[in-house]
Amino acid sequence: MGDSSTSYIHMVQHLIEKCLIFNMTKEECMEALSKHANIKPVITSTVWNELEKENKEFFEAYAQSQGKQDRMSEEETSQMIQKMISDSSNKDPGE
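First, a word on scope: everything that follows refers to the structure included in this document. Everything numeric here is computed off the predicted structure, so don't read it as measured data.

### Topic: the nonpolar core
Ile16, Cys19, Leu20, Cys29, Leu33, Trp48 and Ile81 are the most contacted members of the largest nonpolar core, which totals 18 residues. Put simply, the parts of the chain that give this core at least two residues each are α1 (3–21), α2 (26–37), α3 (41–54), α4 (56–65) and α5 (74–89). With five residues, the single largest contributor to this core is α1.

### Some points on unusual backbone geometry
Glycine aside, residues mostly have negative phi angles, and peptide bonds mostly take the trans form. Look at Asn23: it is not a glycine, yet its phi comes out positive at around 60°. Its place among the elements puts Asn23 in the loop between α1 and α2. In this model, Asn38 sits at a positive phi of 60°, which is unusual for a non-glycine residue. By the element assignment, Asn38 lies in the loop between α2 and α3. A residue is classified by how much of its surface remains accessible, and Asn38, at 68% relative accessible area, is exposed.

The rules we used
- Numbering of residues begins from 1 in every chain and follows the order in which that chain's sequence is written.
- Confidence filtering applies because this is a predicted model: local features only for residues at pLDDT of at least 70, side-chain atom pairs given and counted only at 80 or more, and all residues used for totals across whole chains, interfaces and linings.
- The side-chain quantities take in all heavy atoms of the structure and omit both hydrogens and water.
- In this description, a nonpolar core means a group of buried Ala, Val, Leu, Ile, Met, Phe, Trp, Tyr and Cys residues linked to one another through side-chain atoms lying within 4.5 Å.
- Remark: exposure states derive from per-residue accessible area (1.4 Å probe, protein chains only) relative to the maximum for the residue type, with buried under 20%, exposed over 50%, and partly exposed in between.
- Only DSSP runs of H or I covering at least 4 residues are called helices, and only runs of E covering at least 2 are called strands; the numbering of each starts at the N terminus.

So, in structure tokens, the structure goes:
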């Protein structure tokens, strides 16, 4: 895999991790990244699935906690995703 592919996958992973911080479901994350970061849902889903394989215990606990959390409004989600994208694009390419 080339450097650009690897860095794209790392960016998607980083954005998924941000979605997790905000207690988003896989479907919410796929929709948010598609809408706000122009990332195809199949890419988000594939990266999410790989993260699940590598971090089974975390995702089991995360799934259990999903029903217990308050949800953000769509506007709050949109603003948060836009900020994440802006922050990601302002970082050094070597990070």
